[in-house]
Every structure is written in C-alpha cells, then in structure tokens.
Amino acid sequence: MTLKFKRIDSKAQLPKYATSGSACFDLSIIVDNGKNYPRSLSAVEGALTHTVSYGYDKDGAVNTDKYMITIEPHCSVAFHTGLKCEIEPGKSMKIYDRSSTGIKSALLLSNGVGVIDSDYRGEIMIALTNLSNVPRVIYSGDRVAQAEIVPIIQEDIIEVDELSDTERGESGIGSSGR
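A few points on the structure. (Residues numbered from 1 in each chain as written. Predicted model: local features only at pLDDT ≥ 70, side-chain atom pairs only at ≥ 80, totals over all residues. Heavy atoms only, no water.)

What follows covers the overall build of the protein. What the protein contains, in helices and strands, is 1 helix and 14 strands. Burial statistics for the protein: of 178 residues in total, 34% are counted as buried. Long-range pairs, those at least 24 residues apart, make up 68% of the contacts in the protein with a sequence separation of at least 6. Total accessible area computed for the protein in this model is approximately 11800 Å², and 49% of it derives from carbon and sulfur atoms. (Helix = DSSP H or I, 4+ residues; strand = E, 2+ residues; numbered from the N terminus. Buried < 20%, exposed > 50% of the residue type's maximum accessible area, 1.4 Å probe, protein only. Contact = heavy atoms within 4.5 Å. Areas by Shrake-Rupley, 256 points an atom, 1.4 Å probe, with all protein chains shown as cover.)

Rendered as structure tokens:
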C-alpha cells in the first residue's frame, strides 16, 4: 500500500515512521515569517497569541534558515505542514498528539483528533493549543503530531421511534464502575 504526498512548500518534510514498529507516522510543521497563521486564537480577546522569530544554533548564533514560533499560554496556533495527500477511498487519516508534545510541553491538538477524509486534497494543517502557563517554543521542522491511515465504515443512517434495550440502558458516566 502506498500513501501519496505532494510537497507544496520546499521546506516540507515527508512523514516517516520513527521505528519499524511504529503504528503512526510523524508529521512536522513549517514555521516561516512569511506564512500566515490565521487561526490563532486566545482565551483573552486581543491578547498576543504567538510571535515568529529566528531560531538559534547550538552555539547561540542566529539561524536565519530555522524559524521558531512562541505560543503564548492558553493560546492556539494553526501550523502549515506544506503537504497535501491522497488517501484511497474507504480510508481516512487520523491525526493525534505525539506523547513528547503533549506530555512534555502541554501542547495538544486544538481539535482533539484530526480527521482527513479521502476526498480532501488541501494542505494538512495542525493546530496546537498551549495548555500550560508558560510560553512554548516550536521550531520549523519539529515533529508535533502523529497520524495513521484507518479503514472507515459508512453506515446507513435512519431515524427510528425506539432503540433496543441493553443491560446498561441510559446509565451514563461512571455507571460501569472504576
């Protein structure tokens, strides 16, 4: 099976599996001073959500080839990947947090889980929300999400007057025990 990707930005990195046993492939983002980050949101209207600047090399010198973005606390920024893809019919791409992004940095996907349908041909975007109380820095090229291709089942949707009974019934959250 082959998953086709098209680079629409020369800085885009093709996704890759980190190990031979990886269930998901990693997705990287592009940070570029010329890119527009239109979906930046703040919990406080009018508050600064992010700043884009140059990154630094290990010796502290400015690296004009590697931009970074600072996401302010409790703010969200939508990132470009520079990639489009073609998913075969009957499948979809699910995008999840990487544990290193979520656990170590308190950066989570803004929409929980991303879903890319097989008929979508636009750029893959990744929106991250900084849940911490401190600014978080992301560099261009950072792997911030992981994705997998999964089969989909489209059910016939009908309206009924009654649903079948079950042992659980309408018992909700916590009803099945700890």
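Attention now moves to the pairing of strand β9 (residues 91-97). Note: β9 against strand β14 (residues 143-151), 7 bridges, orientation antiparallel. Residue K91 lies in a different strand from β14, and its bridge partner there is P151. The pairing of β9 with strand β11 (residues 114-117) spans 4 bridges and is classified as antiparallel. Looking at the pairing, I95 lines up with G114 of β11. (Pairing = 2+ DSSP bridges.)

Where burial is concerned, the two faces of strand β3 (residues 25-28) agree: the one with F25 and L27 and the one with D26 and S28 are both buried. Here strand β2 (residues 16-17) pairs with β3 via 2 bridges, running antiparallel. By the bridge assignment, Y17 is partnered in β3 with F25. Sheet topology note: the β3/β14 ladder contains 4 bridges and is antiparallel.

Time to look at the side chain of D26. Its location among the elements puts D26 in strand β3. For D26, the side chain forms a polar contact with the side chain of R143, separated by 2.6 Å. If sequence neighbours within four positions are ignored, D26 has contacts with P15, K16, A18, R98, R143, A145 and Q146. (Polar contact = N/O pair within 3.5 Å; in protein donor to acceptor, adjacent residues only side chain to side chain.)

Another aspect to go through is a negative patch on the surface. A cluster of acidic side chains, namely E159, D161, E162 and D165, defines a negative patch on the protein surface. Turning to its location among the elements, E159 is positioned in the segment after β14. (Patch = residues over 30% accessible without salt bridge, like charges linked within 9 Å, V, L, I, M, F, W, Y side chains within 5 Å. Salt bridge = Lys/Arg side-chain N within 4 Å of Asp/Glu carboxyl O. Lys, Arg positive; Asp, Glu negative; His and termini not counted. Charge placed at Lys NZ, Arg CZ, Asp CG, Glu CD.)

Applying the stated criterion across every chain yields a total of 5 salt bridges. Where R98 meets D26, a salt bridge forms, and the shortest distance between an N and an O atom there is 3.3 Å. Separated by 72 residues along the polypeptide, R98 in the loop between β9 and α1 (99-105) and D26 in strand β3 bring together distant segments of the chain. Both residues of the pair, R98 and D26, belong to the buried class.

In this structure, I71, F79, M93, I95, I126 and I138 are the most contacted members of the largest nonpolar core, which totals 24 residues. Only β3, β6 (62-71), β7 (75-80), β9, β10 (107-109), β12 (125-130) and β14 provide two or more residues apiece to this core. (Core = buried A, V, L, I, M, F, W, Y, C linked by side-chain atoms within 4.5 Å.)

All right, on to the sheet that holds β11 then. Reading across from one edge, β2-β3-β14-β9-β11 is the order of the 5 strands in this open sheet, with antiparallel pairing throughout. Both edges of this open sheet fall to β2 and β11, since each of them pairs with a single strand only.

On inspection of all chains with the given rule, the structure shows 2 aromatic pairs. With a centroid separation of 6.2 Å and an interplanar angle of 85°, the aromatic rings of F5 and F25 are classed as edge-to-face. On the criterion of sequence distance, the pair formed by F5 in strand β1 (residues 4-7) and F25 in strand β3 is long-range, its members being 20 residues apart. Residue F5 is classed as partly exposed on the basis of its relative accessible area of 23%. (Phe/Tyr/Trp six-rings, centres within 6.5 Å; stacked < 30°, edge-to-face > 60°.)

We now examine the side chain of T101. Among the secondary structure elements, T101 is positioned in helix α1. There is a polar contact of 3.4 Å between the side chain of T101 and the backbone oxygen of V144. The residues touching T101, leaving out its near neighbours within four places in the chain, are A106, L107, R143 and V144.

The quantities given are spatial measurements derived from coordinates; they are silent on function.
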